[in-house]
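Report on the structure
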Amino acid sequence: MLKILNGNPFESNEECLIVGLFEKPEKFTGILEQLDDIFDGELTELVKSGDISAKYKSVNIIHSLGKSNVKRIVFVGLGKEKDASYTKLKDVFGSASKKLVGMRLSNLAIALDTFVSEKASEDEAALAFSEAYIMGSYRFQDYKQKSNEPEIKIETIKIFTNASEDEIKLAAEVGSFYGEGTNSARTLVNLPGNMLKASDLAQYAKTLGEKHSFEVEILNKDEIEKLGMGAFLAVNQGSSEPPYMIVLKYQGKDEWKDVIGLVGKGITFDTGGYSIKPKDGIVGMKTDMGGAAAVLGAMEIIGNLRPKQNVVAVIPTTDNMISGNAFKPDDVITSFSGKTIEVLNTDAEGRLVLADAITYAKHHGADYLVDVATLTGGVIVALGLDKTGALTNDEALFEKVLEASSEVGEFIWRLPYTEKDKERVRSSKVADLNNSPGREGHAIMGGAFIGEFVEDTPWVHLDIAGTATINADHDLGPAGATGVMARTLALFVENFDLEKE
Ligand code: BES
Ligand code: MN
Ligand code: ZN
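Report follows, based on the coordinates. (Residues numbered from 1 in each chain as written. Chains lettered and ligands numbered in written order. Predicted model: local features only at pLDDT ≥ 70, side-chain atom pairs only at ≥ 80, totals over all residues. Heavy atoms only, no water.)

1. Focus on the overall build of the chain
When its secondary structure is counted, the chain shows 16 helices and 20 strands. Computed over its C-alpha atoms, the radius of gyration of the chain comes to 25 Å, within 12% of the 23 Å expected for a compact globule of 501 residues. If you line up the chain on its principal axes, its C-alpha atoms span 85 × 55 × 40 Å. For the chain, buried positions account for 57% of its 501 residues. (Helix = DSSP H or I, 4+ residues; strand = E, 2+ residues; numbered from the N terminus. Rg over C-alpha atoms; globule rule 2.2 N^0.38 Å. Buried < 20%, exposed > 50% of the residue type's maximum accessible area, 1.4 Å probe, protein only.)

Structure follows, in structure tokens:
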């Protein structure tokens, strides 16, 4: 629980007080000056001698030995003030929170104003702290019998500041919504395929929708068949688990107009189907619903923030399996839009389920579309593991997504999308489209295929195959799912201001 207070942090009796320290301040002011006094000038000495370092991301803990009510002071290095940035501040808070988790504390306090600089106001520091603290201390509960020691959760966090308590409370709350929405997305992605089937994802979405009073529509297999979503059904054909088309509507405006459609790939496990993946390529494919998780994480944030926007989230969910019933290369299928598709590769399944989801989002009135998907290995070859690939048919809309992504610190890079690319997905002897025009530029081909169903609606495609997971622990969380794009999508929605002519 977060408490915002204007009082003196040294008089509170928390187990530790977090204090930020910039390199080489001319002289200590505010809280740091008080602290120096409490320790009879020793703080200045410890900083001079390097026992307490102000280097970016260093953490030094000293015991107050009864000189103040707070038991320990945790000094967090902020580096040089001129190099400070909002994103770096989040990284600092994230890395510090991981150390704090290791200390098994049940409460803590933070001297917020010591983190303020020209690059981050009190509000921003509060938002950054709560978001990064929640993300940095995220853990996915494993399934080991002799599991982790029982977790000691920090029950109260007191934020001390001279700024307005109400304003800081609001900012910290917004940060916690962002952090929690991201962590929810992470958990969905980390869950193994046998524990998160399409029906589980549908149930999760329903519960989320009820909690935030969204309008919830979940199409079952019969309904999907009746509507003729042949592309989505083809992917599900080999599975013993039924598919679901999840729709959540959030209406923040009086009328259902200027609707933002968020579409997320929800493949709960991707074997590749008959175009089967090599054995090393299959491992990890429980994460193929990362786009769905990002959309659901964003919807959780939106449900908490309740911006004056209209959003429809559409998530097609199924696994991609093999059986006597499974779809095959050479099959020709008819999508919900009526466009026919020659299946050249059953492992290019994401674009098939998204095709019908995009069309369905348009049926629900989407005026703008953003799709998120772990779509191609090609995007990893092109951009590496830390950049989300983007494609767009609308400069202005892309700018908005890019702005949001850079503010939250999630890197996006745009790939080209030309008439030639469109021609390649349209080249089939037997159908309107083919789902796999070959390896060259295939991250672009994945997006271009989806673009055929978007048509003229302003649209941004985000390929998160590289960024949905991470191999090593990082400042804002552990190895595993990142929850990438949950925050970008939510901020994009919050700030959205394009008017359709
Ligand atoms: N789910 C995969 C993409 C993927 C790869 C996600 C690695 C995460 C990590 C997708 O369905 C797929 O198999 N894509 C193929 C497309 C190809 C057959 C055109 C790929 O990228 O190889
Ligand atoms: Mn695949
Ligand atoms: Zn896939």
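2. Description of the site of ligand 1
The environment of ligand 1 is made up of 17 residues, and the closest members are Lys277, Asp288, Asp347, Glu349 and Gly377. Note that an oxygen atom of ligand 1 is positioned 2.8 Å from one of the side-chain N or O atoms of Glu349. Between Leu375 and ligand 1, the recorded distance is 3.3 Å, taken from a backbone N or O atom to a nitrogen atom. Across the complex, the protein chains shield 85% of the 520 Å² of accessible surface that ligand 1 would expose by itself. Taken together, the residues of the shell around ligand 1 sort by class into 3 nonpolar, 7 polar and 7 charged. (Near = heavy atom within 4 Å. Polar contact = N/O pair within 3.5 Å; in protein donor to acceptor, adjacent residues only side chain to side chain. Areas by Shrake-Rupley, 256 points an atom, 1.4 Å probe, with all protein chains shown as cover. Nonpolar A, V, L, I, M, F, W, Y, C, P; charged D, E, K, R; others polar.)

3. A short note on the coordination of the manganese ion (ligand 2)
Asp270 (OD), Asp347 (O), Asp347 (OD) and Glu349 (OE) make up the full set of protein donors to the manganese ion (ligand 2), lying at 2.0 to 2.2 Å. The coordination sphere of the manganese ion (ligand 2) comprises 6 donor atoms, whose angles at the metal cover 71 to 168°; the geometry is irregular. Mapped onto the polypeptide sequence, the residues donating to the manganese ion (ligand 2) form the spacing pattern D-x76-D-x1-E. In this model, the manganese ion (ligand 2) sits 3.1 Å from the zinc ion (ligand 3), the two metals being bridged by Asp270. (Donors = N, O, S within 2.8 Å, 3.2 Å for Na, K, Ca; no water. Tetrahedral: all angles 85-135°; square planar, octahedral: opposite > 155°, others 65-115°.)

4. Things to note about a negative patch on the surface
Together, Glu124, Glu399, Glu403, Glu407 and Glu494 give the surface a local cluster of negative charge. With 3 residues, the single largest contributor to the negative patch is helix H13 (residues 395-408). Within the secondary structure layout, Glu403 lies in helix H13. (Patch = residues over 30% accessible without salt bridge, like charges linked within 9 Å, V, L, I, M, F, W, Y side chains within 5 Å. Salt bridge = Lys/Arg side-chain N within 4 Å of Asp/Glu carboxyl O. Lys, Arg positive; Asp, Glu negative; His and termini not counted. Charge placed at Lys NZ, Arg CZ, Asp CG, Glu CD.)

5. What about helix H3 (residues 86-102)?
In an α-helix, one full turn covers 3.6 residues, which means residues spaced three or four apart are oriented alike. The end-to-end C-alpha distance of H3, which contains 17 residues, comes to 25 Å, matching closely the 24 Å that a straight helix rising 1.5 Å per residue would cover. Every buried residue of H3 is accounted for by Tyr86, Leu89, Lys90, Val92, Phe93, Gly94, Ser95, Ala96, Ser97, Lys98 and Leu100. Phi for Arg104, located one or two positions after H3, is positive at around 50°. (Expected span 1.5 Å × (residues − 1).)

6. What about the pairing of strand E14 (residues 366-373)?
Of all 8 residues that make up E14, 8 are buried, and the element is covered over most of its length. Two elements, strand E9 (residues 259-264) and E14, share 6 bridges in a ladder whose sense is parallel. Along E14, the bridge assignment pairs Val263 with Asp371. Sheet analysis places E14 next to strand E18 (residues 459-463), joined by 5 bridges and oriented parallel. Across the sheet, Leu369 pairs through a bridge with Trp459, a residue of E18. (Pairing = 2+ DSSP bridges.)

7. Brief notes about the side chain of Thr318
Along the polypeptide, Thr318 turns up in strand E11 (residues 310-320). Here the side chain of Thr318 touches Asn236 through a polar contact of 2.8 Å, side chain to side chain.

8. So, the pattern of salt bridges
If you walk through the whole model with that rule in mind, you get 24 salt bridges. A salt bridge links Glu131 to Arg487; the shortest N-O distance between them is 2.5 Å. Remark: Arg487 occurs in helix H16 (residues 486-495) and Glu131 occurs in helix H4 (residues 122-136); sequence separation between them is 356 residues. Exposure remark for Arg487: the relative accessible area of 4% places this residue in the buried category. The network of salt bridges with shared partners includes Lys90, Glu131, Glu410 and Arg487.

9. Considering the nonpolar core
Core analysis: the largest hydrophobic core is formed by 94 residues, its most contacted members being Leu108, Leu262, Met299 and Leu462. Built from parts of two domains, this core gets at least three residues from each of domain 1 (2-161) and domain 2 (179-495). The residues touching Met299, leaving out its near neighbours within four places in the chain, are Leu208, Phe214, Leu248, Tyr250, Leu262, Val311 and Ala313. In this structure, Val312, Leu415, Ile444 and Trp459 belong to the second largest nonpolar core, which totals 48 residues. (Core = buried A, V, L, I, M, F, W, Y, C linked by side-chain atoms within 4.5 Å. Domains from an automatic or database assignment. Contact = heavy atoms within 4.5 Å.)

10. As for a nonpolar patch on the surface
Side chains of Tyr274, Ile276 and Ile322 sit close together on the surface and give an oily, nonpolar patch of about 280 Å² of accessible area. In this fold, Tyr274 is placed in the loop between strand E10 (266-270) and helix H9 (279-282). Using a relative accessible area of 42% as the deciding quantity, one classes Tyr274 as partly exposed.

11. What to know about the coordination of the zinc ion (ligand 3)
With distances of 2.0 to 2.4 Å, the protein atoms coordinating the zinc ion (ligand 3) are Lys265 (NZ), Asp270 (OD), Asp288 (OD) and Glu349 (OE). Around the zinc ion (ligand 3) sit 6 donor atoms, and with donor-metal-donor angles ranging over 78 to 173° the site reads as octahedral. Along the chain, the residues that donate to the zinc ion (ligand 3) are spaced as K-x4-D-x17-D-x60-E.

Interpretation note: all reported values are geometric properties and have no functional meaning in isolation.
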